[in-house]
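So you can see what is in the structure, the chains are spelled out below.
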Amino acid sequence: MGDVLAGFHAAWEFESDSVLIRYVRGIRTPKLFQALGERRVPLEAIEGVTLSPGKRGTVVLRLEPRPGADPLMEAAAGQLKESSDPYRLVLPAERETLAEYYADELRAQLTESGPAERHLVAAPEAPLQFKAYDGKATFDGTSVAFRWFWTGASSAKWKAGDQRFPVSELSGVEWRSPEVFEGHLRLLRRDTAVPAPAQADQDPAAVVFGLGYGPVHESLPFAAAVLAAVRSCSAVPAISSPAAGAGGVPSSARRDPADIAERIRHLGELHQAGLVTDEEFSSKKAELLAEL
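What you see is a predicted model, and the numbers here were worked out from it, not measured in a lab.

Participant: Any details on the nonpolar core? Residues and values, ideally.
Facilitator: Counting residues in each nonpolar core, the largest one holds 64 residues, and the members touching the most others are Val19, Leu63, Leu185, Leu220 and Val226. Take this core: its biggest share by element is 10 residues, from helix α5 (residues 216-234). When sequence neighbours within four positions are dropped, the list of residues in contact with Leu63 reads Trp12, Val19, Ile21, Ile46, Gly48, Val49, Tyr87 and Leu106.

In structure tokens form, the structure reads like this:
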């Protein structure tokens, strides 16, 4: 087709085998759309197209992705607000006839339905990171790391220490939107011999966040990228990895000196503020220096 249909927050370009969605930047555009930038949705990832009345003189054209075709929607698990649905295109009501034309054209090209056997829509690319309430989460494409904050992490997480989880050791991701209740990102491990704590703030394999920490546009793309890597890793034979030390970190691993320096600086600020005792400061500083 090759035509472009522009809406309020996005423009759809119709190609022979896909729909390229480009999200518009602006103060009224949902931050999730701006974080995604653009997405190419293969026609094989779509099982339906709907057109319905919207609010305040608008109509809504929506693609219905197949279950399991998009890691972002799989991670979201139905928790996204309607306004943040990346498959909705909101148009002025006077363009309804044009929207109906494109909807019919798309429907005529769809041949697949039902759950997809693999992800068909690309996940956000690593490296990715975001600050949660109790720690900083980073993903480099092969492993997820959690670095705890003194000001937010529970004692259980401090006792466990900073964590690193190779994708090969994970079975999935549990994401809870901070807009629904208490947000968190929990990594689901293949080894279920030891049950995970019910509360995410007590689980070293999870970070917790609210609207001010780990918002949807940061934590959801992160979760989708990790989920896609886990699914991809599950499709190939496991490769043996070096022996790991405490906390899942390889025994030969060494941390970035700049990262250690930043943590010591933050520790010093807490010490000066009276939030950390002299003994705690000396002990933790020694631990950090030992990681160099």
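Participant: Help me get a handle on the sheet that holds strand β9 (residues 135-139), residues and values and all.
Facilitator: With respect to topology, 4 strands assemble into an open sheet ordered β8-β9-β10-β11, the strand pairing being antiparallel. Each of the sheet's edge strands pairs with one partner strand only, and the pair in question is β8 (128-131) and β11 (163-166). Each neighbouring strand pair of the sheet contributes to a mean axis angle of 10°, computed without reference to strand direction. Across 4 bridges, the pairing between β8 and β9 is antiparallel. Along β9, the bridge assignment pairs Phe130 with Ala137.

Participant: A description of the packing of aromatic side chains should follow, citing residues and the corresponding values.
Facilitator: Counted under the stated rule, the structure contains 11 aromatic pairs. Their ring planes at 5° and their centres at 4.6 Å tell us that Phe14 and Tyr102 sit as a pair that is stacked. Of the two residues, Phe14 is situated in strand β2 (residues 10-14) and Tyr102 in helix α3 (residues 96-109); the sequence distance between them amounts to 88 residues. One exposure class covers both Phe14 and Tyr102, and it is buried. Ring geometry for Phe146 versus Trp148: centroids 5.8 Å apart, planes at 45°, classification tilted. Comparing Phe146 with Trp148 shows no difference in burial state: the two are buried. An aromatic cluster of at least three residues, connected via ring pairs, comprises Trp12, Phe14, Tyr101 and Tyr102.

The rules behind the values
Residues numbered from 1 in each chain as written. Predicted model: local features only at pLDDT ≥ 70, side-chain atom pairs only at ≥ 80, totals over all residues. Heavy atoms only, no water. Core = buried A, V, L, I, M, F, W, Y, C linked by side-chain atoms within 4.5 Å. Buried < 20%, exposed > 50% of the residue type's maximum accessible area, 1.4 Å probe, protein only. Helix = DSSP H or I, 4+ residues; strand = E, 2+ residues; numbered from the N terminus. Contact = heavy atoms within 4.5 Å. Pairing = 2+ DSSP bridges. Axes fitted to C-alpha atoms, helices over the stretch in contact; angles between N-to-C directions. Phe/Tyr/Trp six-rings, centres within 6.5 Å; stacked < 30°, edge-to-face > 60°.

It is worth stressing that arrangement in space is one thing and function is another; only the former is reported here.
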